[in-house]
Amino acid sequence: MADLSGGLEPVPVALWPPGEAPPAFQYSPDNVAGADGANDPTEITFPGCSCLTSSCVVHACSCLCHGENYNSLCLRPTDKEEEYARPVFECNAMCQCGESCQNRVVQRGLQFRLEVFKTEKKGWGLRTLEFIAKGRFVCEYAGEVLGFDEARRRMQAQTSKDSNYIIVVREHLHSGQVMETFVDPTYIGNIGRFLNHSCEPNLLMVPVRVDSMVPKLALFAAADISAGEELSYDYSGRFHNLSITNREQKSLEDDNSLRKPCYCGSRTCASFLPWDSSLFSTADTCSGSSP
């Protein structure tokens, strides 16, 4: 069986239909430094925990100072009344705990059999070939980690016919600061680049940090997912996959002339893909991407 990852993933990535393939790109299961060299995601800057057990526990592990991240490989569910997502830090290369530690999930890479396939209206997509339980890590959205200037340069160089893979993730800190991460899998990336948008997605994106403050953009199952089901996430990255707000809707309507149609087919489809105008102007509206 053909493996789109070329053996770089723990599990082969299938391709359908036979004899067809998406446009060529360099496969990388992990983030790489962008051409601008603004961020190096391979650099190890976090100190490791000193736990000598096979698996770390809360209150004893420095990596779990914000609380438990996973329960039996599943992401700890966030309480609906929580306004913000809690940061996720996994044990890293400097930690004394073993590779079987339960706080090592995203770093293990792909664990499910997935297939890149050609859709009817949305170009190439990604689906699962086996059941995935709610909360399980599915895949990463990996690519070149760029600085703002390079991300903006690439966005502005695109034509209306180009697919946009650049995603902007903004994390709002308690201090009022906003941390921005720009990932572009256009030329170098993994299977995450084939994920289509849905207004009712079955995946949720969570920034997960392992070796440094440069996050892995991890996608977890937001619900139980059946074999054969297409995988999708909300390009706008709304917390909890919540419905769009009136303020967001007005901001998006202002940019409809620049946006691409949405073909997700969900009951609550917004008709257009999410749009981030901040890379075209100084205005900071909504985050997301429009592959």
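The following paragraphs examine the structure supplied in this document. (Residues numbered from 1 in each chain as written. Predicted model: local features only at pLDDT ≥ 70, side-chain atom pairs only at ≥ 80, totals over all residues. Heavy atoms only, no water.)

### Some points on the environment of Ala142
- Relative to the helices and strands, Ala142 resides in the loop between strand E9 (137-140) and strand E10 (144-146).
- When its relative accessible area of 0% is taken as the criterion, Ala142 is described as buried. (Helix = DSSP H or I, 4+ residues; strand = E, 2+ residues; numbered from the N terminus. Buried < 20%, exposed > 50% of the residue type's maximum accessible area, 1.4 Å probe, protein only.)

### What to know about the packing of aromatic side chains
- On inspection of all chains with the given rule, the structure shows 8 aromatic pairs.
- Ring centres of Tyr141 and Tyr233 lie 6.2 Å apart, and the angle between their planes is 65 degrees; this geometry places the pair in the edge-to-face category. On the criterion of sequence distance, the pair formed by Tyr141 in the loop between E9 and E10 and Tyr233 in strand E17 (residues 232-233) is long-range, its members being 92 residues apart.
- Here Tyr141 falls in the buried class, since its relative accessible area comes to 1%.
- The rings of Phe25, Tyr27 and Phe194 are connected pair by pair, giving a single aromatic cluster.
- If you follow Arg193 out to its NZ or CZ, it ends over the ring of Phe25, 4.0 Å from the centre.
- One residue, Arg193, lies across the ring of Phe194, its end atom 5.2 Å from the ring centre. (Phe/Tyr/Trp six-rings, centres within 6.5 Å; stacked < 30°, edge-to-face > 60°. Lys NZ or Arg CZ within 6 Å of the ring centre and 35° of its normal.)

### Here we look at the pattern of salt bridges
- Applying the stated criterion across every chain, the model contains 14 salt bridges.
- Between Lys118 and Glu20 there is a salt bridge, with its nearest N and O atoms 2.9 Å apart. Of the two residues, Lys118 sits in strand E7 (residues 114-118) while Glu20 sits in the loop between strand E1 (14-16) and strand E2 (26-27), which places them 98 residues apart along the sequence.
- We classify Lys118 as partly exposed; its relative accessible area is 44%.
- Ionic pairing is found between Arg154 and Glu150, a salt bridge with its closest N-O pair at 2.8 Å. Here Glu150 and Arg154 lie together in helix H1 (residues 148-157), a separation of 4 residues that amounts to about one turn. As far as burial versus exposure is concerned, Arg154 and Glu150 are alike and both buried. (Salt bridge = Lys/Arg side-chain N within 4 Å of Asp/Glu carboxyl O.)

### Examining unusual backbone geometry
- Residue Pro17 is reached from Trp16 by a cis peptide bond, and omega for that bond is 5 degrees.
- Counting through the fold element by element, Pro17 comes out in the loop between E1 and E2.
- Despite not being glycine, Ser72 shows a phi value in the positive range, around 55 degrees.
- Here Ser72 is to be found in the loop between strand E4 (70-71) and strand E5 (74-75).
- For Ser72, a relative accessible area of 55% puts it in the exposed group.
- With a phi close to 80 degrees, Ser271 is a non-glycine residue in the positive phi region.

### Re the sheet that holds strand E16 (residues 216-221)
- The 4 strands lie next to each other as E6-E15-E16-E9, forming an open sheet whose pairing is mixed. The open sheet has two free edges, formed respectively by strand E6 (88-89) and E9, since each of these has just one partner strand.
- For E6 and strand E15 (residues 203-209), the ladder comprises 2 bridges, and the chain directions are parallel. Bridge pairing links Phe89 to Arg209 in E15. (Pairing = 2+ DSSP bridges.)

### Some thoughts on the sheet that holds strand E12 (residues 178-184)
- Strand order in this open sheet of 4 strands is E3-E10-E12-E11, and the pairing throughout is mixed. One side of each edge strand has no neighbouring strand; the edge strands of this open sheet are strand E3 (32-33) and strand E11 (167-172).
- Here H1 sits on the sheet and contacts E10 and E12; the angle it forms with E10, its principal contact strand, is near 110 degrees. (Contact = heavy atoms within 4.5 Å. Axes fitted to C-alpha atoms, helices over the stretch in contact; angles between N-to-C directions.)

### Thoughts on the environment of Glu9
- If you trace the backbone, Glu9 turns up in the segment before E1.
- Sequence separation between Glu9 and Gln111 is 102 residues; the distance between their C-alpha atoms is 8.7 Å.
- Filtering out sequence-adjacent residues up to four positions away, Glu9 remains in contact with Tyr27, Pro29, Leu110 and Asn190.
- Among the polar contacts made by the side chain of Glu9, one reaches the side chain of Tyr27 at a distance of 2.7 Å. (Polar contact = N/O pair within 3.5 Å; in protein donor to acceptor, adjacent residues only side chain to side chain.)

### Structural notes on the state of the cysteines
- Within the structure shown, the criterion is met by 0 disulfides.
- Looking at Cys49, it has no disulfide partner, and the nearest cysteine sulfur is the one in Cys95, 3.6 Å off.
- Free of any disulfide, Cys63 has its nearest cysteine sulfur in Cys95, 3.6 Å distant. (Disulfide = S-S within 2.5 Å.)

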